[in-house]
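Coordinate analysis (summary)
Each chain, letter by letter, is given below.
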Amino acid sequence: MQVPGKIYEYMGAHAVMLHIYAPDQTILPLLEGVPNCLLAQNNQAAISEALEKLYDEWVSDRLEERVSSYPAEWNNHSWPSLATMVESALFDAIGIQQS
């Protein structure tokens, strides 16, 4: 499955995502059922419905519920986690022992 790089950045941002998709996209299995990700097919009615839903959740202070149910396995894509992995790889590459 080919996953656009931006998806991982959005995952790491720990925010609500609205993913507008074409019916043949292979990324859907990754995003379906994820509480902080709202999916909308690429047509006016579906996008409008998704935006209205997000707006209603925001107005009623329920949008945070989507973010608080962020999948734990996506923490690997957060900026702090990525920075730690890069730092570790750099130290390994130049032979510095980490404490």
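Residues numbered from 1 in each chain as written. Predicted model: local features only at pLDDT ≥ 70, side-chain atom pairs only at ≥ 80, totals over all residues. Heavy atoms only, no water.

Within the chain, the regular secondary structure consists of five helices and two strands. Taken from the N to the C terminus, the helices and strands of the chain come in the order α-β-α-β-α-α-α. By the burial criterion, 24% of the 99 residues in the chain qualify as buried. In the chain, of all internal contacts separated by at least 6 residues, the share reaching a separation of at least 24 is 44%. Surface accessibility of the chain: about 6,900 Å² in total, with carbon and sulfur atoms responsible for 55%. (Helix = DSSP H or I, 4+ residues; strand = E, 2+ residues; numbered from the N terminus. Buried < 20%, exposed > 50% of the residue type's maximum accessible area, 1.4 Å probe, protein only. Contact = heavy atoms within 4.5 Å. Areas by Shrake-Rupley, 256 points an atom, 1.4 Å probe, with all protein chains shown as cover.)

Another point: a nonpolar patch on the surface. Nonpolar side chains collect at one region of the surface, where Tyr 55, Trp 58 and Val 59 lie side by side and expose about 370 Å² of accessible area between them. Position of Trp 58 relative to the elements: it lies in helix α3 (residues 44-59). By relative accessible area, which is 54% here, Trp 58 ends up exposed. (Patch = residues over 30% accessible without salt bridge, like charges linked within 9 Å, V, L, I, M, F, W, Y side chains within 5 Å. Salt bridge = Lys/Arg side-chain N within 4 Å of Asp/Glu carboxyl O.)

On to the nonpolar core. Counting residues in hydrophobic clusters, the biggest one holds seven residues: Ile 7, Met 11, Met 17, Ile 27, Leu 31, Val 34 and Cys 37. Core analysis: the second largest hydrophobic core is formed by five residues, Leu 38, Ala 40, Ile 47 and Leu 54 among them. (Core = buried A, V, L, I, M, F, W, Y, C linked by side-chain atoms within 4.5 Å.)

With that settled, consider the side chain of Glu 57. In this structure, Glu 57 sits in helix α3. When sequence neighbours within four positions are dropped, the list of residues in contact with Glu 57 reads Arg 62, Leu 63 and Arg 66.

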